[in-house]
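Summary of the model geometry
Single-letter residue listing:
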Amino acid sequence: MVVTATAPGRINLIGEHTDTTGGWCLPMAIDLATTVTGTVGGDRVVLRSDQEAAVADVPIAGVEPATVEPAWGRYVAGVVAAIQPAAGFTGTVTSPVPPGAGLSSSAALEVAVALALGFDGTPLELARACQRAEQVASGVPCGIMDQLASAAGVDGHALLIDTRSLDVTAVPLPEGIEVVAVHSGERRRLEDSAYGERHAALAAAEQVIGPLRDADVPALRGLADPEARRRARHVITENARVHAFVAALRSDDRRTLGDLLAEGHASLRHDLEVSTPALDALVQRLTATPGVLGARLTGAGFGGCAVALCEPGALAAGPGVWRLRAASGARRHPG
Ligand code: GLA
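**A closer look at the site of the ligand**
Lining the immediate surroundings of the ligand are Arg10, Glu16, His17, Asp19, Cys142, Gly143, Met145, Asp146, Tyr195 and Ala300. In the model, an oxygen atom of the ligand is placed 2.6 Å from a nitrogen or oxygen of the Asp19 side chain. Between Asp146 and the ligand, the recorded distance is 2.7 Å, taken from a side-chain N or O atom to an oxygen atom. Computed on the free molecule, the ligand has an accessible area of 300 Å², of which 98% lies beneath the protein chains in the complex. Each residue belonging to the shell around the ligand can be placed in one class, and the counts come to four nonpolar, two polar and four charged.

**Observations regarding the pattern of salt bridges**
Using the criterion set out here, one finds 16 salt bridges in the structure. Salt-bridge contacts for Arg10 lead to Asp146; the nearest nitrogen and oxygen are separated by 2.9 Å. Here the residue Arg10 occupies a position in strand β1 (residues 2-14), and Asp146 occupies one in helix α4 (residues 145-152), the gap between them amounting to 136 residues. Look at Asp146 and you get partly exposed, because its relative accessible area is 21%. For Arg296, the salt bridge is made with Glu16, and the minimal N-O distance between the two is 2.8 Å. Remark: Glu16 occurs in the loop between β1 and β2 (24-40) and Arg296 occurs in strand β9 (residues 292-297); sequence separation between them is 280 residues. Taken together, the shared-partner salt bridges connect Glu227, Arg230, Arg231 and Glu273 into one network.

**Quick notes on helix α5 (residues 195-209)**
An ideal rise of 1.5 Å per residue puts 21 Å on 15 residues; α5 measures up with 21 Å between its terminal C-alpha atoms. At its buried positions, α5 is contacted by α6 (226-250). Positive phi appears at Gly210, one or two residues downstream of α5, with a value of about 85°.

**Notes on the side chain of Gln147**
Topologically, Gln147 is positioned in helix α4. A distance of 3.1 Å separates polar atoms of two side chains, one belonging to Gln147 and the other to Glu110. Residues in contact with Gln147, not counting those within four places in the same chain, are Ala107, Glu110, Val111, Ala127, Cys130, Gln131 and Glu134.

Cut-offs used in this document
Residues numbered from 1 in each chain as written. Predicted model: local features only at pLDDT ≥ 70, side-chain atom pairs only at ≥ 80, totals over all residues. Heavy atoms only, no water. Near = heavy atom within 4 Å. Polar contact = N/O pair within 3.5 Å; in protein donor to acceptor, adjacent residues only side chain to side chain. Areas by Shrake-Rupley, 256 points an atom, 1.4 Å probe, with all protein chains shown as cover. Nonpolar A, V, L, I, M, F, W, Y, C, P; charged D, E, K, R; others polar. Salt bridge = Lys/Arg side-chain N within 4 Å of Asp/Glu carboxyl O. Helix = DSSP H or I, 4+ residues; strand = E, 2+ residues; numbered from the N terminus. Buried < 20%, exposed > 50% of the residue type's maximum accessible area, 1.4 Å probe, protein only. Expected span 1.5 Å × (residues − 1). Contact = heavy atoms within 4.5 Å.

Encoded structure:
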């Protein structure tokens, strides 16, 4: 029997690098989705991708995911390790989600593969399994935002995620605001980035001043090292920005939405230091474009895309520019 599973990428509107410390984030699933189609059977997962030259071929009996070649097969092997399917699968992957752009192509792949392999559970269980898959495949200690956004997306809505309780609240996006992703031209690979180092710095700060999710700016006085203080300040102020952003969406306060995006970018640039000159220049250019409410880098940083909120048509779609709609989460169907 032929099975098809589809899983969207995501764009994060605000709440960056907060999900590894139980904080808040506001991604949305996007209308760029990865599709896995094929037949169940055998003892290997064999997938051909329209984005990759080499076939991924992974035994279901188990293999060390981080050692698999070609490298994209590591995500497939990560899913196999996380969900331990009873049978293999042979099929194809098609995806319009650009890799290395900060739009969660790997989460979309993991979630689509897990569903194609027969994963049966809630969207949260699916996201947790795929987060484990990502971690073992890449060695990056990522949070749950990307996989949960892909699994639990709601058409026309952003998702307010409490990464402590893992509650997800759908927040409607106002009419007449467009979400646009614009590529900086720099492809990023989180494996080589300082993502793990930032994560460790935040964990170290929490050892001193307690959970960042519950801390306020005055608590930063407890951190002696100025760099540690900046890293932690990003998370504390970013969590507050998520709530302010949700309030501004609900009241359609466009000026505040733009201001919060600018503040978020400045914090990622100066406090967490995950931006790049290309991203800074892009955000500056977008912010100066008529009809753009605001812009900031989206995803982990170190390259990839900026997200801009704008009046319809302010930014034309083209190579490296995607006008996005908030989409439903992943699904599996026969045929
Ligand atoms: C990557 C990780 C997420 C999150 C973002 C930064 O996308 O996979 O868990 O930490 O970076 O917000």
